[in-house]
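Fold and geometry: a report
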Amino acid sequence: MKRRCLSNAIVAIFFCAISVKCKKNSVQKNRVSIFFSQENSSDATPVVLEEILKASQYPISEIKFEPGTYHFYPDKALEKFVHISNHNDVLVRTAMPISGMKNLTIDGQGAKFVFHGVMIPFLMENSSNITVKNLSIDWAVPFHSEALVVASDEKNRTFDIKISEEYPYEIRNGNLVFVKEYYEHSLGQTILYDPKRKAIAFDTESYTDLTYISRKAVQYNSEKIKYKYKTDPRDYPQNRIGVEQRLRAEQLEPGLVRIFNHGKKMPPVGYILTSKGEQSANRLAPAFRLVDIHGFKGENLIVHHAGGMGFIAENSSNILLDGFNVIPSSNRMVSTTADATHFVGCSGVVELRNCTFKNQLDDAMNVHGSYQEIVDVLDDYRLGVRMGHFQQKGFSIGKEGDKIGLVRLSDSFFPYDRRTIKKTQSINGRYHIISFTEKLPKNLAVGDLIENLNGYPEVLVENCTISNNRARGLLISNPVKTVVDNNYFSTEMEAILVPVESSHWFESGNAANLTIKNNVFKDCQHSGFDRGVIRFVTDDDNNNIAFKNIQITGNTFDQFDNLILEISNTDGLSFTGNTITSSNNFKKLHPKNPAIKLKSSKNITFQGNTYKGDAQRIVEAKGDMSEIQFN
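As a starting point, this report considers the structure included with it. As the structure is a computational prediction, the values presented were derived from the model and not from experiment.

Quick notes on the nonpolar core
- F288, F296, F343 and I496 are the most contacted members of the largest nonpolar core, which totals 114 residues.
- Counting residues per element, this core draws most heavily on strand 12 (residues 122–139), at eight residues.
- Those residues in contact with F288 that sit more than four places away from it in its chain are F122, V132, I137, F296, L301, V303, G310, F311, I312 and F324.

Pasting the structure below:
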């Protein structure tokens, strides 16, 4: 064993089993192991980065950290511009660029990684068989901000918030701006937390989002601006046209700020208002970002915070997260500012086992593909396609040999034809050219969509706890196979949403072979939305079948409100052996609802269920399903 000591460095590095290979007068050292010790933890970035960058010449199979706290700053980190699906395009920095590596294990041995500014802790691409385990990730200064509501005045439409020293701020021309290390954000997207429950507040939709902007801007001919090609009204600068800031902030004393002109109900005194800035600029620093990673294990990991998602994987395969926990640190209400986990265009098997996802500001898991719109038929073999949502720019829909489905949703949620990718060419973030090995069909038309039929995995979610978060538990658009077994859900919106999202996020997939069994659903949908705990829905308002072969069995629903299940556009759903009870923990928000709503579906059966709720009707069915009975 050989040890190299670095003066004034953060770490000591050990190299084990060194071998020397000669080729064309060059020498390559094959390093088996690197060990980082805590000699000085003021900034781990330069030393960790230096050793990882050497891996292209001197491959490694193991990186270990001595237990302790390691701080990572962006000043000496590797800088890279990246398109990240469902995030903003961002010039980001990292200390751990894992690229072109194989059979690598990173073992934190209980180490705590604390990041500063806009960094991605693990930026991984084009690698295989990677394991990360036994460490936690946090930020010294979070990307969101929190304030205590201390006064409320409905008559004058104001409320006062107390802001602790943990969240420095400035007021610029009436605009409240939270100032961070290397970052800042306005109020933007907001939501209430109940500090007693340390969870999203009951009926928060009556109070938040704060009405941050209004359509009152003085305009002169701006509405006459025309574009040759389609624009995205959610993307900058289109999202600024015709709107102006509505809220006004005024400091009453240091740390005490009054907010004027909120259009919804005034937030209740004693609640925590959380803010993460404007949607077009607040997803930029996920904890794990994987692209083309084939074989990944994340074991015994804690993500306390991230300025985006806890884990985002694109075009990757065979991913296991076992004991991957997203939970806030110290007294913070919020963990990650977006989804806990997210999988786009993935294949093979995706497994989430023994995980805890709490207090994140979006879904616990979202698995889907990508719809891309055909905007040009260039010749018999080539299409020009466009990314629909500004946070999907740069996403590659597939590689050579992948099967592409051609979709016209007005006719069917399933492909009307298939072709094989020969080549993809990225012209820019929005526009790609795809070449196929076979001739394109004659009935193909501009405006149709494409999806990658190879870009869906088998999914297992087992023994997980999902609670206290904004939005959904699981968002599933997966036509291959999904099993959701023995989990606990208590979410602000749907516990499980099964959608076809074709018009806003352009997230492809129409679920089939879905089994939901032995789960507990506790007081979900408590934010105020009139939706089911489990919900099947499509963006396109038609009667076409989208979902097939659904089994919901042996679950317990202990709910304060009536609506448990919304079914639409489904062929083949069995609801058996489930128990529905009333928790009475909150007042009913929609007392006239039935327990189950049905439309545009067939082959739906209910058998062996126990209903102890108090809805006036159990089943409400539209069309020729009116004779369906609940038992």
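Some points on a nonpolar patch on the surface
- A grouping of I225, Y227 and I241 is seen on the molecular surface, where their side chains present a nonpolar patch of about 280 Å² in accessible area.
- In this structure I241 comes out as partly exposed when scored by relative accessible area, which is 37%.

What to know about the layout of surface pockets
- Empty space within the largest pocket amounts to approximately 830 Å³.
- Lining the largest pocket are 39 residues, and of these D362, R470, R472, M493 and W505 lie nearest its centre.
- Broken down by secondary-structure element, the contributors of at least two residues to the lining of the largest pocket are strand 18 (190–194), strand 43 (496–500) and strand 46 (534–538).
- Classifying every residue of the lining of the largest pocket by side-chain character gives twelve nonpolar, eleven polar and 16 charged.
- Here the second largest pocket is characterised by a volume of approximately 630 Å³.
- Forming the boundary of the second largest pocket are 22 residues, of which Y212, I213, N239, E278 and Q279 lie nearest the centre.
- Broken down by class, the residue content of the lining of the second largest pocket amounts to seven nonpolar, nine polar and six charged.

Considering the pattern of salt bridges
- Following the criterion strictly, the structure yields 38 salt bridges and no others.
- When the shortest N-O distance is used, the salt bridge between R472 and D363 registers 2.7 Å. Highlighted residues: R472 in the loop between strand 39 (465–467) and strand 40 (474–476) and D363 in the loop between strand 30 (356–358) and strand 31 (365–368), separated in sequence by 109 residues. Across the pair, exposure class does not vary: R472 and D363 are buried alike.
- We note a salt bridge from R408 to D411, for which the minimum N-O separation is 3.7 Å.
- Residue R408 is classed as partly exposed on the basis of its relative accessible area, which comes to 22%.
- Under the relative-accessibility criterion, D411 is labelled exposed at 51%.
- Among the charged side chains, a salt-bridge network with shared partners connects D89, D232, R234, D235, K393 and R430.

Some thoughts on the side chain of H304
- By secondary structure assignment, the location of H304 is in the loop between strand 25 (288–303) and strand 26 (311–314).
- Residues within four places of H304 in sequence aside, it is in contact with S136, I137, D138, I327, P328, S329, V334, S335 and T336.

Comments concerning the sheet that holds strand 22 (residues 248–253)
- The strand order across the open sheet formed by seven strands is 19-18-24-13-14-23-22, and the pairing between neighbours is antiparallel. The sheet is open, and its two edges are formed by strand 19 (199–200) and strand 22, each paired on a single side.
- As judged from the four bridges shared by strand 13 (residues 145–153) and strand 24 (residues 272–275), these two strands associate in the antiparallel manner. By the bridge assignment for strand 24, L148 is matched with I272.

Digging into empty space enclosed by the protein
- Counted under the stated rule, the structure contains four cavities of 30 Å³ or more.
- A volume near 70 Å³ is recorded for the largest cavity.
- In terms of lining residues, the largest cavity is bounded by C524, Q525, F529, D530, R531, V533, Q559, F560, D561, L563, H590 and N593.
- Its residues assigned to classes, the lining of the largest cavity comprises five nonpolar, four polar and three charged.
- Taken together, Q559, D561, N562, I580, T581, S582, K588, Y611, G613 and D614 make up the full set of residues lining the second largest cavity.
- In terms of residue count, strand 51 (residues 579–582) provides more of the lining of the second largest cavity than any other element does, three residues in total.

Rules behind the numbers
- Residues numbered from 1 in each chain as written.
- Predicted model: local features only at pLDDT ≥ 70, side-chain atom pairs only at ≥ 80, totals over all residues.
- Heavy atoms only, no water.
- Core = buried A, V, L, I, M, F, W, Y, C linked by side-chain atoms within 4.5 Å.
- Buried < 20%, exposed > 50% of the residue type's maximum accessible area, 1.4 Å probe, protein only.
- Helix = DSSP H or I, 4+ residues; strand = E, 2+ residues; numbered from the N terminus.
- Contact = heavy atoms within 4.5 Å.
- Patch = residues over 30% accessible without salt bridge, like charges linked within 9 Å, V, L, I, M, F, W, Y side chains within 5 Å.
- Areas by Shrake-Rupley, 256 points an atom, 1.4 Å probe, with all protein chains shown as cover.
- Salt bridge = Lys/Arg side-chain N within 4 Å of Asp/Glu carboxyl O.
- 1 Å grid on protein atoms, 1.4 Å probe; cavity = no way out; pocket = protein on both sides within 12 Å on 5 of 7 lines; lining within 4 Å.
- Points joined across faces, edges and corners; volume = space filled by probe spheres on them.
- Nonpolar A, V, L, I, M, F, W, Y, C, P; charged D, E, K, R; others polar.
- Pairing = 2+ DSSP bridges.

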